[in-house]
Amino acid sequence: DSVVFHARKPGFFKDNRPFMGVDGLQETGPITLDASNKVKHYSQGNWKEFYDLLSTISNKKDPKILYIGDHLIKDIYTPSKSQISDTVAVVEEMSVSDEYVEFEKDPYAALLSSKMWGSFFNINVGYEESVSSFWLKTIKNHSKICIPSLAAVASNPIEHKYKTFSEDDGLSGFYPDIPISMK
């Protein structure tokens with residue numbers, strides 16, 4: 001496994017910054033990525049070099065990459081728009097408008113919803129009428145699936161097949177289920 005800290009997105013996906021070695025909490029200076037290198041923790045860097053490393057490690061010319069992130073602009077929109085990889089959106093707001101049982105105990109649930117603003121996914125425009133929010137459109141257009149947390153998928157086998165937003169009604173990509181506010 002390789003871990004990149006302080007990637008400084010979205011520049012990580014577009015710029016050609018060098019990778020920095022890491023010793024504890026300190027950067028040790030520029031380093032060259034090498035598949036045989038025992039150091040697997042890096043700071044900063046760039047997608048092209050990291051992709052080349054993954055290509056070498058996997059022994060595939062064009063490896064399929066799945067990028068998982070919780071920032072809808074830096075982690076979902078940018079890699080999708082740059083056609084870098086497929087993305088999975090981790091959106092904890094699903095936990096307050098979802099039947100996902102584990103999140104009923106979430107101590108921050110009150111901060112994730114608003115009686116004043118309504119659902120993260122829809123904007124109320126009338127008594128019983130709503131439209132998709134900017135965030136819902138971003139999720140549907142730039143991620144394959146949307147989950148409330150990694151715990152939602154962690155117990156599934158790696159070969160588990162997930163429905164994506166490109167299937168059916170465009171809402172199939174929510175896992176484990178469509179948020180209640182959208183039903």
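As shown above, the structure is provided for reference.
Criteria and cut-off values
- Residues numbered from 1 in each chain as written.
- Predicted model: local features only at pLDDT ≥ 70, side-chain atom pairs only at ≥ 80, totals over all residues.
- Heavy atoms only, no water.
- Helix = DSSP H or I, 4+ residues; strand = E, 2+ residues; numbered from the N terminus.
- Buried < 20%, exposed > 50% of the residue type's maximum accessible area, 1.4 Å probe, protein only.
- Polar contact = N/O pair within 3.5 Å; in protein donor to acceptor, adjacent residues only side chain to side chain.
- Contact = heavy atoms within 4.5 Å.
- Pairing = 2+ DSSP bridges.
- Axes fitted to C-alpha atoms, helices over the stretch in contact; angles between N-to-C directions.
- Salt bridge = Lys/Arg side-chain N within 4 Å of Asp/Glu carboxyl O.

1. Some points on the environment of Ser172
Along the chain, the position of Ser172 falls in the segment after helix H5 (151-154). Given the relative accessible area of 16%, Ser172 is considered buried. Separated by 26 residues in the primary sequence, Ser172 and Cys146 have C-alpha atoms spaced 9.4 Å apart.

2. Quick notes on the side chain of Asn46
Of note, Asn46 is situated in the loop between strand E4 (41-44) and helix H2 (47-58). A relative accessible area of 1% places Asn46 in the buried class. At 2.8 Å, the side chain of Asn46 forms a polar contact with the backbone nitrogen of Glu49. When residues no more than four places from it in sequence are discounted, the contact partners of Asn46 are Phe12, Asp15, Asn16, Arg17 and Phe19.

3. Here we look at unusual backbone geometry
The step from Lys9 to Pro10 runs through a cis peptide bond, and the omega angle for that step is 5°. Note on placement: Pro10 falls in the loop between strand E1 (3-5) and helix H1 (11-14). Between Tyr175 and Pro176 the backbone carries a cis peptide bond, its omega angle lying at 15°. Along the polypeptide, Pro176 turns up in the segment after H5. Of note in the backbone geometry, Gln44 takes a positive phi value of approximately 60° without being a glycine. Among the structural elements, Gln44 can be located in strand E4.

4. Comments concerning the pairing of E4
With 3 bridges connecting them, E1 and E4 associate as parallel partners. Paired with Phe5 across the bridge in E4 is Ser43. Bridging between strand E2 (residues 19-23) and E4 involves 3 bridges; their strand directions are antiparallel. Among the inter-strand pairings, Met20 is bridged to a residue of E4, identified as Ser43.

5. Remarks on the sheet that holds E2
Spatially, E1-E4-E2-E3 is the arrangement adopted by the 4 strands of the open sheet, whose pairing is mixed. In this open sheet, the two strands that pair with only one neighbour each are E1 and strand E3 (26-31). Each adjacent strand pair in this sheet contributes to an overall mean axis angle of 40°, direction not counted.

6. Here we look at the pattern of salt bridges
All told, the structure shown has 3 salt bridges when counted by the stated rule. Taking the shortest distance from any N to any O, the salt bridge between Asp75 and Lys9 comes out at 2.5 Å. One end of the pair, Asp75, is in helix H3 (residues 72-81); the other, Lys9, is in the loop between E1 and H1, with 66 residues separating them in the sequence. Asp75 gets classed as buried once you look at its relative accessible area, which sits at 3%. Close ionic contact of Arg17 with Asp15 constitutes a salt bridge, the shortest N to O distance being 3.7 Å. A relative accessible area of 43% places Asp15 in the partly exposed class.

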